[in-house]
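# Survey of secondary and tertiary structure
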Amino acid sequence: MVVTETLARPSEAKSGLPKIKTALPGPNAKRIIADDERLISPSYTRSYPLVVKRGRGAIIEDVDGNQFLDFSAGIAVTSTGHCHPEVVAAIQRQAGELIHMSGTDFFYESMIELASRLSKVAPMAGPHKFYFGNSGTESVECALKLARYHTKRQGVLAFYGAFHGRTMGSLSLTASKPQQRRRFAPLVPGVTHVPFPYAYRFGEGKTERDYGLQCAKFIEERLFKTTVPPEELAAIFVEPIQGEGGYVPAPPEFLRELRRIADENGILLVADEVQSGAGRTGKWWAIEHAGVEPDIVCIAKGIASGMPLGITMTRASIMDWVPGSHASTFGGNPVAIAAALASMDVIEREGLVNAAQLGDKLKKRMSTWITKHPMVGDVRGKGLMLAVEMVKDKQSKTPISKEALEQVFREARTHSAWLPEPVPVELLRKATNEAYHKIS
Ligand code: PLP
């Protein structure tokens, strides 16, 4: 179970608490799902039959009039809640003025405005430069190409459990589930995966700090001395908190060691903040919790509250490629940029404090579950990017069965009074890859 953030608008959250009117899925949902099966790519991982019509704050309404708490935040995207009025207004204003002109071939001022705004909250010292694409995977593709271009090196390091995207470059860095890579080889050559410090599951009793240091040591003492000459590495890609990999925060000591290893070997450190960024952890970027300055930051998901936007932010000296090296027709679309500027206003004004304070409160409360409940193995995360890892028993740490998980959610549905009002969070059900469930 994973907790992610949104800002509910109090009046709407109070009046709109979950209401279930039909059996689920309802008749309209059933019809649409049948059509979907006929027409839409079966590669999507929709394991729950929610057919969405509209959303407000933390509430989502389906096509049969049922209302749910959106426990997924549109898969960690609706950082300001669904259809935040300021974001909607900014989108409408911009759509009435200019929808597209292509920032790859022409200029518009809002692109500079967003770059300047991001520069002020960057996790590394400036000056900075920015590339605009449309998605998380594009921000990673850009970082990968740029790292090779700038360093004139080919090799790249990434971590087991990592998720960086599904296009061929970012997929080559992804090491989360075999199905994501199955039958797509050959992928981009030159990528080496090494252990990520997921201490709870793989640390064999070591503290997070010690296991983190062990994983960093493995890179220097085993990898560099056996198969990968460090001078051939262009970049290390790391999620400061692994998302798809199980909401696993990298220990600060590990990130600091990566920074040192990168510095000593002329390697770029790339922080993939697609999931952990945009204020979700109580700071703009999760890597800030470790006091580590990356060279490149990949941004997407929550930055524009649902409008497609991917951003690659670098130290200015790194973005030294020449015209024609990389671009995207839609990247940095004016409407997406307007949504990002409005989202940044909301996140700056309310979101950071909300995520930090509420996250702290939630984590404290959830941490008490470890001693109370045999099946709560671990509680971890930062801000409102929190997770509960559920296990059969604390000794074996075997993941709980699907049936047991169902039971947990049934209980949650009947004991939902603990949810504070206004409803400030969504719980994202990640363990079984289900995005939504109802609370009635
Ligand atoms: N990087 C991380 C850390 C992600 O979590 C994701 C998506 O979940 C991506 C990259 C890819 O983003 P997108 O799905 O927008 O391409």
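Above this note sits the structure.
In short, a report on the structure.

Reading the values: the criteria
Residues numbered from 1 in each chain as written. Predicted model: local features only at pLDDT ≥ 70, side-chain atom pairs only at ≥ 80, totals over all residues. Helix = DSSP H or I, 4+ residues; strand = E, 2+ residues; numbered from the N terminus. Buried ≥ 20, exposed ≤ 12 C-beta atoms within 10 Å, placed from the backbone. Contact = placed C-beta atoms within 7 Å. Near = placed C-beta within 6 Å. Nonpolar A, V, L, I, M, F, W, Y, C, P; charged D, E, K, R; others polar. Axes fitted to C-alpha atoms, helices over the stretch in contact; angles between N-to-C directions. Parallel < 35°, antiparallel > 145°, perpendicular 65-115°, else oblique. Left-handed = near helix turned anticlockwise from the far one by under 90°. Pairing = 2+ DSSP bridges. Expected span 1.5 Å × (residues − 1). Core = buried A, V, L, I, M, F, W, Y, C linked by C-beta atoms within 7 Å.

All right, on to the overall build of the protein chain then. Across its full length, the protein chain holds 14 helices and 16 strands. Counting every position in the protein chain, which comprises 440 residues, the buried fraction comes to 48%. Across the protein chain, the fraction of contacts at a sequence separation of at least 24, relative to all contacts at a separation of at least 6, is 74%.

In this section: the environment of His373. Here His373 lies in the loop between helix H13 (369-372) and strand E14 (376-382). Judged by the 13 C-beta atoms lying within 10 Å of it, His373 is partly exposed. As a C-alpha pair, His373 and Asp393 span 20 residues in sequence and 9.7 Å in three-dimensional space.

Close to the ligand lie 14 residues, the nearest being Ser135, Gly136, Thr137, Val274 and Gln275. Ranked by residues supplied to the shell around the ligand, first place goes to helix H6 (residues 136-151) with 3 residues. Looking at side-chain class alone, the shell around the ligand contains 4 nonpolar, 7 polar and 3 charged residues.

Before going further, it helps to examine the packing of helix H4 (residues 85-97) against helix H12 (residues 334-367). Direction vectors running N to C along H4 and H12 enclose 155 degrees, while the axes themselves pass 8 Å from each other. Here H12 runs roughly antiparallel to H4, going by the angle between their axes. Considering only the axes of H4 and H12, their crossing is right-handed. Of the residues in H12, those touching H4 at Glu86, Val87, Ala90, Ile91, Arg93, Gln94 and Ala95 are Pro334, Val335, Ala338, Ala339, Leu341, Ala342, Ser343, Asp345 and Val346. Within the contact of H4 with H12, the residues separate by chemical class into 11 nonpolar, 2 polar and 3 charged.

Right, let's get into the sheet that holds strand E12 (residues 296-299). Strand order in the open sheet formed by 7 strands is E5-E13-E12-E11-E8-E6-E7, with mixed pairing between adjacent strands. The strands lining the two open edges of the sheet, one partner per strand, are strand E5 (128-133) and strand E7 (191-194). Going across the sheet, the axis of each strand differs from the next one's by a mean of 20 degrees, ignoring polarity. Sheet topology note: the strand E6 (residues 155-159)/strand E8 (residues 233-238) ladder contains 3 bridges and is parallel.

Taking 1.5 Å as the rise per residue, H6 with 16 residues should run 22 Å; its terminal C-alpha atoms sit 23 Å apart, in good agreement. For H6, the complete set of buried residues consists of Gly136, Thr137, Glu138, Ser139, Val140, Glu141, Cys142, Ala143, Leu144, Leu146, Ala147 and His150. Just downstream of H6 lies Lys152, where phi reads positive at about 60 degrees.

Taking 1.5 Å as the rise per residue, helix H11 (residues 252-265) with 14 residues should run 20 Å; its terminal C-alpha atoms sit 20 Å apart, in good agreement. Among the residues of H11, those classed as buried are Phe254, Leu255, Glu257, Leu258, Arg259, Ile261 and Ala262. Those residues of H11 that are buried are in contact with helix H10 (208-226), E8 and strand E11 (268-272).

Taken together, the 4 bridges between strand E2 (residues 52-56) and strand E3 (residues 59-62) define a ladder with antiparallel strand orientation. Residue pairing for E3: Gly55 is matched across the bridge by Ile60.

Next up on the list: the nonpolar core. Grouped together as the largest cluster of nonpolar side chains are 90 residues, with contacts concentrated most on Ala235, Ile236, Val270 and Ala339. Sequence-distant contacts of Val270, defined by excluding residues within four places in its chain, comprise Ala143, Ala147, Ala235, Ile236, Phe237, Pro294, Asp295, Ile296 and Cys298.

Another point: the pairing of E12. Every second residue of E12 is oriented toward a common face, with Ile296 and Cys298 on one face and Val297 and Ile299 on the other, all of them buried. Relative to E12, E11 runs parallel, the two sharing 3 bridges. By the bridge assignment for E12, Asp272 is matched with Cys298. Two strands pair when backbone bridges link them, and E12 and strand E13 (residues 310-315) are joined in this way by 4 bridges, in the antiparallel orientation. Looking across to E13, one finds that Cys298 is bridged to Thr312.

By themselves, these observations are geometric and do not establish any function.
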